Every structure is written in structure tokens, then in C-alpha cells.
Amino acid sequence: MANDFADRLRKQREQKGLSQAELAEKAGLQVTAISHFETGGRSPSFDNLRKLADALAVTSDYLIGRSDQPELSAAAAGQLFRKAKNLSAADLEIVEEMIDLMAKRNRQDES
Amino acid sequence: MSLNSGLSQQEAEWCASQVLKEAELTALPVLPIHIAEQKHILVHPFSSPKAGMLGCLIKNGEEFAIGYANHLDNTGFVHFTVGHELGHFHLPGHVDYLFLHGETVHYSQSGFVSQQPHEQQADWFSAALLMPETLFVPAMRKVGPGLAGVKALSEICKTSLTATAIRYGKLGEDPVVVIVSSDQKIEYAFICATLKQIPGVTFLRNGDPLPDGSATARFNRDRKKVERAAEIQSSISLTEWFPDPDAPAHEMNEDVIGLGKYGKTLTILFTQDEIEVEDEDDEPGVDQHWNRRR
């Protein structure tokens, strides 16, 4: 993931015309963290990833190389987990229940 | 950096302190479910827990959810499990470990039982999040030592007895060993830094038999005591637990409590006295004393 992430983060930042300092401010991170991420000297957390993805308007899966599509369609979001590896029937039951709850919460947030 | 190192623990402590700072939490108890809500992470109990697994982190697009097993009916366990999953979410470098091969759900065995370095780091994060040093140490100084103190701290922090005991051993000034056992065997143990400096105080390994002469061994012979969370206080020589010829024969307090539905027993060995150790390299008759870490 490390090289994909460093490269994709830098490319996306440059495509959006942002300096490291501007991205840092937009994502609520330290500018040194952006620099370390882009040189591969530091690995992000999920918290960092989510902030960066939000600031760059791309998906975190794209940033870490799990997807080649920078944007995630709403339809695809709910289907991704069903294609995930290593999901037993019991796993799937738990994941489906949690994802249904997430969707329900989102609907409540929107209304 | 090896994750299984002091640096890994320091990173977990630092990361937890940053999360607390961001959440503007400055008093005990720290409730991890509130932190998750602030991060827009859904927290929900499993309806059908997977055997042996206490928690999970689910990623779906940009959204996260934490699932936890609540079959033990123990708030402290739930808090530690949620704190552990928050550790996976906040700690650098856990992205690859959790979802490297395309997984969407990661199951955890929190509670200091896993040997996997990322799981161990998430445990240290959870302990530091729920029992931050700056708040835990002043609280610890107000309560007594041993199990009585741990129980009081567990009430204050809303944490499990085991996690609280390990934190007490890590941040306290007294020499402490925390042991979790079942039947006549050790499941895992934590030896504080002060005691690790003492000659002959070596590791207590998973699967090692409990010392015959220990109160813990006697306690565990009666399963009902474990189930009804009975307690006993006793004393024992350090050499009973650490039969190394170099270990000093120091009398330790041995506080024991059954962990109820969890089916295990918690033992806290501690002393508030100085432990005297004869050092062969020193002049005859000159002893070294251990009882304070700093």
C-alpha cells in the first residue's frame, strides 16, 4: 500500500492544485504529516485516510490502491463488502447487519 | 520499528493522548462509545458473536462501524473492546494489517491475549485511552494498593478488572505482577518494569502451571469461586512464583478474584516494601533495594 498511497496522494493533491500546507489545513492534519506520507516515511491511520480522502474528494480505497476509481458511486458502496474476500456466512451476516444500520443512520442524518 | 517494542507502546500512548485531546476529554471515565460517535463510527453489539472474538472493525466505503460481543454482560470488557477497535482506526500502519487482502471486516481478540503485534498495540492504545496516565495516576494515589485499589479504579474508569490491574502494574510505583489463570494454568501475565529488574524474576508463560503453594491454585480448585467472583487475600514468597535460584524470597501479597462469566481468575501479586537483593558483584553485605521505579 505504501508506494500506491504516497504516489496517489501526491498526484491527487497536485491535480487539485493544492500545496502540502493547503491540503494539511483542509484535512486538519500537520503539514509535516503530509510531507511524510508523500515520501513514504510514514503510514497513515484510517482516521488520517478518511480526512485526506474527504479533503481531496476521492475514496480512501483509491488512495491506498484498493480501487482504481477515485470516486465511489453510491450504488457501489453498498455492494463492495459482498465482493470482499474471506467473508464466511457468519461474517456476512454480521457485516450486513452493521451496514444496514449504517445506512439507516445515514438516512436519519439526511432527513 | 518493531511493533512489539517499547516504542510501539509509546506510540500507542501518544496516539491515545492525541485522540483524547481532539475529543476534549479531561476527566474519568473516558467513554469510548462517545469518542466513536464523535468520529461518526457506528458502535453496535453483535447479534451473533463469532466464537472467541470480542470485537470487529468494519469498513464500508468511507464509513466505519465497530461491533462488540456483549455476552459477558461486562461494561469494562465492552469499553476495552471498543477502545481496541478505535486503536486500529487511529494507529498509523494498521491499514495494511487489517484490510491488506481486500477484507472488509476485521475481528479482534482484545484484552492482552493476542501475540500479534498490531493487536497488542491496539490493546495498549485502549488502555491508554480509557486510563490516561495524567488522570489515572492521581486517581491511583487516592486508592489503596492491590485488588482493593484496582476495584476502586475499575469503578472510576469503567474498565475491566484485568485491564485496570495491568494499568496499575504499568503506571504504579509498587512492584506488581498481574496474572490471569484458569484451572491450574497461567493464561498470561504482566510483570511491572520494577520487578523485571530483579534477578530471577523471569517470564511467566502461557500454559505454565500455577505454583502448588499459591492461593490462586487453591482458589481455582473450586470452580464456583471463579463463577461467583469470590475473593481471597493471602501472602506468598516471590520464589514460589519465580523458582529461580537468584529470585529473592520476598513476601508478596497475593490478592485473588474470580472473573465470573469470563471463567478466569485474576491474581495481583504486590508489595509496598522494599525488595532486598544481594548482589554478588558488590561488597559482601551490601544489598540492593528495589521498590520505586522513579
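For the structure itself, look to the data block above.
Rules behind the numbers
Starting afresh in each chain, residues are numbered from 1 along the sequence in its written order. Here every chain gets a letter starting at A, and every ligand a number starting at 1, in the order they are written. Owing to the predicted nature of the model, reporting of local features is limited to residues with pLDDT of at least 70; listing and counting of side-chain atom pairs is limited to 80 or more, with chain, interface and lining totals taken over all residues. In computing side-chain values, all of the structure's heavy atoms are included and hydrogens and water are not. Note on pairing: DSSP must find at least two bridges between two strands before they are called paired. Each helix is a run of H or I in the DSSP string that is no shorter than four residues. Each strand is a run of E no shorter than two, and both are numbered from the N terminus. Here the axes come from fitting lines to C-alpha atoms, over the contacting stretch only for helices, and the angles between their N-to-C directions go from 0 to 180 degrees. When checking whether two residues touch, look at their non-hydrogen atoms; a contact exists if any pair is within 4.5 Å. Throughout this description, any angle smaller than 35 degrees is read as roughly parallel, any larger than 145 degrees as roughly antiparallel, any in the 65 to 115 degree range as roughly perpendicular, and the remainder as oblique. Think of it in three bands: residues with accessible area under 20% of the maximum for their type are buried, residues over 50% are exposed, and the middle band is partly exposed, with areas taken using a 1.4 Å probe on protein chains only.

Q: Any chance you could explain the sheet that holds strand E5 (residues 176-182) of chain B here in plain terms?
A: Through backbone hydrogen bonds, the strands of a sheet pair up, either in parallel or in antiparallel fashion. Residues and elements named next belong to chain B. Strand order in the open sheet formed by five strands is E6-E5-E9-E8-E7, and the pairing between neighbours is antiparallel. A strand with exactly one partner marks an edge of an open sheet, and here the two such strands are strand E6 (185-191) and strand E7 (231-237). For this sheet, the mean inter-axis angle between neighbouring strands, taken without regard to orientation, is 20 degrees. Inspection of the sheet shows strand E8 (residues 251-258) paired to strand E9 (residues 265-270) by six bridges, in the antiparallel sense. Each bridged residue has a counterpart across the sheet, and for asparagine 253 the counterpart in E9 is phenylalanine 270. The sheet strands contacting helix H8 (residues 161-171) are E5, E6, E8 and E9, and the helix crosses E9 at an angle near 15 degrees.

Q: Explain the sheet that holds strand E2 (residues 55-60) of chain B to me, please; I cannot follow it from the model alone.
A: All names here are of chain B. As summarised here, the arrangement of the four strands in space is E1-E3-E2-E4, forming an open sheet in which the pairing is mixed. Each edge of the open sheet carries a strand with a single partner, namely strand E1 (42-45) and strand E4 (105-108). Direction aside, neighbouring strands of the sheet carry axes that sit 20 degrees apart on average. Bridge count for E2 against strand E3 (residues 63-68) is six bridges, and the pairing is antiparallel. Its bridge partner being in E3, asparagine 60 is matched across the sheet by glutamate 63. Against the sheet, helix H3 (residues 75-90) makes contact with E1, E2, E3 and E4, and its axis sits at roughly 150 degrees relative to E3, the strand it touches most.

Q: Looking at this structure, how should I read the packing of helix H6 (residues 133-142) of chain B against H8 of chain B?
A: Axis angle and axis distance: for two packed helices, these are the angle between their axes and the distance between the axes, and together they describe the pair. Residue and element names in this part refer to chain B. For the pair H6 and H8, the least separation of the axes is 11 Å and the interaxial angle reads 90 degrees. Relative to H8, the element H6 lies roughly perpendicular. Across from Glu133, Phe136, Val137 and Met140 in H6, the residues of H8 making contact are Thr164, Arg167, Tyr168 and Leu171.

Q: Please clarify how unusual backbone geometry should be interpreted in this entry.
A: Peptide bonds are, in most cases, trans, and in most cases residues other than glycine have a negative phi. Residue and element names in this part refer to chain B. At the junction of leucine 28 and proline 29, the peptide bond is cis and its omega measures out at 0 degrees in the coordinates. Of note, proline 29 is situated in the loop between helix H1 (6-22) and helix H2 (32-38). One non-glycine residue with positive phi stands out, namely histidine 40, at about 60 degrees. Given a relative accessible area of 34%, histidine 40 falls into the partly exposed group. Even without a glycine there, the phi angle at lysine 158 is positive, about 55 degrees. Checked against the element boundaries, lysine 158 lands in the loop between helix H7 (146-157) and H8. Overall, lysine 158 belongs to the partly exposed group, its relative accessible area being 36%.

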